[in-house]
Amino acid sequence: AAGNRTVTVESSATPGATLLTVTPDLVPATDTSMALAGPAGAMTGLVLNDSNPPVSVGRAQLRVVNVSPDLAAVDVYANFGRIVSGLATNASSTYILVDAVIGGSPYRFDINAAGSTTVLLNVPGQTLGSGSVYTLYLLGSGGALSGVLTQDR
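Worth saying up front: this structure is predicted, and the values here are computed from it rather than measured. (Residues numbered from 1 in each chain as written. Predicted model: local features only at pLDDT ≥ 70, side-chain atom pairs only at ≥ 80, totals over all residues. Heavy atoms only, no water.)

### A word on the nonpolar core
Formed by 22 residues in total, the largest nonpolar core has its most connected members in Phe109, Ile111 and Leu138. For this core, the secondary structure elements donating two or more residues are β7 (59-66), β8 (74-78), β9 (81-87), β11 (96-99), β12 (107-113), β13 (119-126) and β14 (133-139). Apart from the residues lying within four places of it in its own chain, the contact partners of Ile111 are Leu71, Val74, Asp75, Val76, Thr118, Val119, Leu120, Leu121, Val123 and Leu138. Core analysis: the second largest hydrophobic core is formed by seven residues, Ala37, Leu46, Leu48 and Val67 among them. (Core = buried A, V, L, I, M, F, W, Y, C linked by side-chain atoms within 4.5 Å. Buried < 20%, exposed > 50% of the residue type's maximum accessible area, 1.4 Å probe, protein only. Helix = DSSP H or I, 4+ residues; strand = E, 2+ residues; numbered from the N terminus. Contact = heavy atoms within 4.5 Å.)

### Section: the pattern of salt bridges
Close approach of charged atoms lets side chains of opposite charge pair. The full count for this structure, using the stated rule, is five salt bridges. A salt bridge links Asp50 to Arg63, with the nearest nitrogen and oxygen atoms 2.6 Å apart. Of the two residues, Asp50 sits in the loop between β6 (44-49) and β7 while Arg63 sits in strand β7, which places them 13 residues apart along the sequence. There is no split in this pair, since Asp50 and Arg63 are both buried. Here Arg59 ties to Asp99 by a salt bridge, and the two come within 2.8 Å at their closest N and O atoms. Of this pair, Arg59 sits in strand β7 while Asp99 sits in strand β11, and the two are 40 residues apart along the sequence. The exposure class assigned to Arg59 is partly exposed, which follows from its relative accessible area of 28%. Its relative accessible area of 43% is what places Asp99 among the partly exposed residues. One salt-bridge network, held together by shared partners, links Asp50, Arg63 and Asp152. (Salt bridge = Lys/Arg side-chain N within 4 Å of Asp/Glu carboxyl O.)

So, in structure tokens, the structure goes:
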């Protein structure tokens with residue numbers, strides 16, 4: 001239901017142990033996602049308004065969400081073309097229209113330190129379907145940095 005709602009995140013190892021409580025204001029007739037970041041005791045929640053408009057045939061819609069504490073501002077490249085600039089930690093890009101992968105090579109996403117050619121993370125082999133909406137989550141820390149592509153619609 002729309003309005004202010006309380007969302008509580010609990011530890012699966014210790015049911016009832018609250019790790020985070022957020023109170024997003026949910027808008028009617030929309031979808032909302034939440035990305036969690038940080039360790040127990042210092043967890044944060046990033047509330048994201050999802051996009052639902054129709055996407056043209058042959059195109060896909062993509063946003064990038066940076067919830068890695070080790071990735072400060074980053075630039076994101078799709079097949080070597082920059083699609084996002086200076087995405088900070090605990091932030092989301094706007095949705096970007098990109099070509100869908102139809103019988104061609106899948107996307108390779110490179111995450112670079114903002115303004116540099118230093119690749120911090122590579123996410124190869126990602127297929128974006130025609131008319132679909134995706135979120136690429138940047139997460140993890142240290143040697144466990146990763147990119148997880150989810151199909152939202």
